[in-house]
Amino acid sequence: MRAAPYAAPMPRGRYSLHDPYDGTPLGEERFQCAPGPHGWRYVSRTTAPDGAEAGSLDLTLDDLGRPLRLELHAGAWQVRGAALSGVTWVRTDPTGEHAQEGNAPAHAFTGRSPAHLLAVAQLLRPAPGAGGVRVRLVEFTEPHLAPRTRDEVWTLLRSETHPADGDGGGVLTVHAYRVDDQETGQAHTVHLAGDVVLSAPGVELEELDSPPSAITTVG
């Protein structure tokens, strides 16, 4: 994992990933994330169920939650992107000879990594009781990182405060969001605390070495 450009330490953790429909294990994602001078940065490496290297992610958001920089690897494929005239990206094939540029009138990127849930929540910041907020995303599907556009509606269902674990005391605010896929009509719930996904379809937080950072402002 490449070093972060931030002076503050980046907390480390580990997610297990599985198919949200049948529970098939998809591997693990070891991550570091922290607020910094640009807004927020998340870096991770994923491994397959057999422990083989599967990919990596380096995502930086500005203080409004927009993607300043995305670098995504899966197998031999690579995508680099940013918020530019909507969102713009370059996808490189396994040979490295035929890079293809893409652009879409979308707000952000999404994909398998839990980082994208945190990024969308930070971008939208839906207020409690205000109804759903619609967002258009470009999703890169693994393992070939093929781009597809999808529309979602995010609704903040509730926010609850809990005592934080550890000797430092304090409280932890957990936000529950309903996410509606506008193409399939399917809905699911994600629970976020600061810059950590506590639960979501296909995602389980297995390890975290320090409390979440408070990047998401509600309201």
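Further up the page is the structure itself.
Read on for a plain summary of the structure. Every value quoted in this text rests on a predicted model; they were computed, and no experiment measured them.

Topic: the layout of surface pockets
Inference 1: In this model, the largest pocket occupies a volume close to 790 Å³.
Inference 2: Lining the largest pocket we find 33 residues, and of these Pro20, Gly111, Glu139, Arg150 and Pro201 sit closest to its centre.
Inference 3: For the lining of the largest pocket, the secondary structure elements donating two or more residues are β1 (12-18), α1 (115-124), β10 (133-141), β11 (146-163), β12 (171-181) and β13 (187-193).
Inference 4: Grouping the amino acids of the lining of the largest pocket by side-chain chemistry returns 16 nonpolar, nine polar and eight charged.

Let's talk about the packing of aromatic side chains
Inference 1: The tally for this structure, following the rule as stated, stands at six aromatic pairs.
Inference 2: Between the aromatic rings of Trp89 and Phe140, the centroid separation amounts to 5.7 Å while the plane-to-plane angle is 80°, which identifies the pairing as edge-to-face. With Trp89 in strand β7 (residues 87-92) and Phe140 in strand β10, this pair connects stretches of sequence that are 51 residues apart. Exposure class is identical for Trp89 and Phe140. Each is buried.
Inference 3: Through successive ring pairs, a cluster of aromatic residues spans Tyr15, Phe31, Trp40 and Tyr42.

A few points about α1
Inference 1: Of all 10 residues that make up α1, 10 are buried, and the element is covered over most of its length.
Inference 2: Of all the residues in α1, the buried ones are Ala115, His116, Leu117, Leu118, Ala119, Val120, Ala121, Gln122, Leu123 and Leu124.
Inference 3: Downstream of α1 by a residue or two, Arg125 has a phi angle that is positive, lying close to 50°.

A closer look at the pairing of strand β15 (residues 203-208)
Inference 1: Both β1 and β15 contribute to a ladder of five bridges, which runs antiparallel. Note on β15: the bridge partner recorded for Gly13 is Leu208.
Inference 2: When strand β14 (residues 196-200) meets β15, the two strands line up antiparallel, connected through two bridges. Residue pairing across strands places Ser199 opposite Glu204, the latter belonging to β15.

Overview of the side chain of Ser16
Inference 1: Among the structural elements, Ser16 can be located in strand β1.
Inference 2: Engagement of the side chain of Ser16 in a polar contact is seen with the side chain of Glu206, the distance being 2.7 Å.
Inference 3: Sequence-distant contacts of Ser16, that is, excluding residues within four places in its chain, are made with Gly27, Glu28, Gly202, Val203, Glu204 and Glu206.

Some thoughts on the pairing of strand β6 (residues 77-82)
Inference 1: The sheet contact formed by strand β5 (residues 67-74) and β6 spans five bridges and is antiparallel. Within β6, the position partnered with Ala74 by the bridge is Trp77.
Inference 2: Where β5 folds back onto β6 in an antiparallel hairpin, the turn is made up of two residues, including Gly75, whose phi is positive at roughly 60°.
Inference 3: What sits between the antiparallel neighbours β6 and β7 is a turn of four residues, in which Ser85 has the positive phi angle 55°.

Quick word on the nonpolar core
Inference 1: In terms of nonpolar packing, the biggest core is built from 43 residues, with Phe140 and Trp154 touching the most fellow members.
Inference 2: In contact with Phe140, not counting residues within four places along its chain, are Leu70, Leu72, Val79, Trp89, Phe109, Thr110, Gly111, Leu145, Ala146 and Pro147.

What counts, and at which threshold
- Residues numbered from 1 in each chain as written.
- Predicted model: local features only at pLDDT ≥ 70, side-chain atom pairs only at ≥ 80, totals over all residues.
- Heavy atoms only, no water.
- 1 Å grid on protein atoms, 1.4 Å probe; cavity = no way out; pocket = protein on both sides within 12 Å on 5 of 7 lines; lining within 4 Å.
- Points joined across faces, edges and corners; volume = space filled by probe spheres on them.
- Helix = DSSP H or I, 4+ residues; strand = E, 2+ residues; numbered from the N terminus.
- Nonpolar A, V, L, I, M, F, W, Y, C, P; charged D, E, K, R; others polar.
- Phe/Tyr/Trp six-rings, centres within 6.5 Å; stacked < 30°, edge-to-face > 60°.
- Buried < 20%, exposed > 50% of the residue type's maximum accessible area, 1.4 Å probe, protein only.
- Pairing = 2+ DSSP bridges.
- Polar contact = N/O pair within 3.5 Å; in protein donor to acceptor, adjacent residues only side chain to side chain.
- Contact = heavy atoms within 4.5 Å.
- Core = buried A, V, L, I, M, F, W, Y, C linked by side-chain atoms within 4.5 Å.

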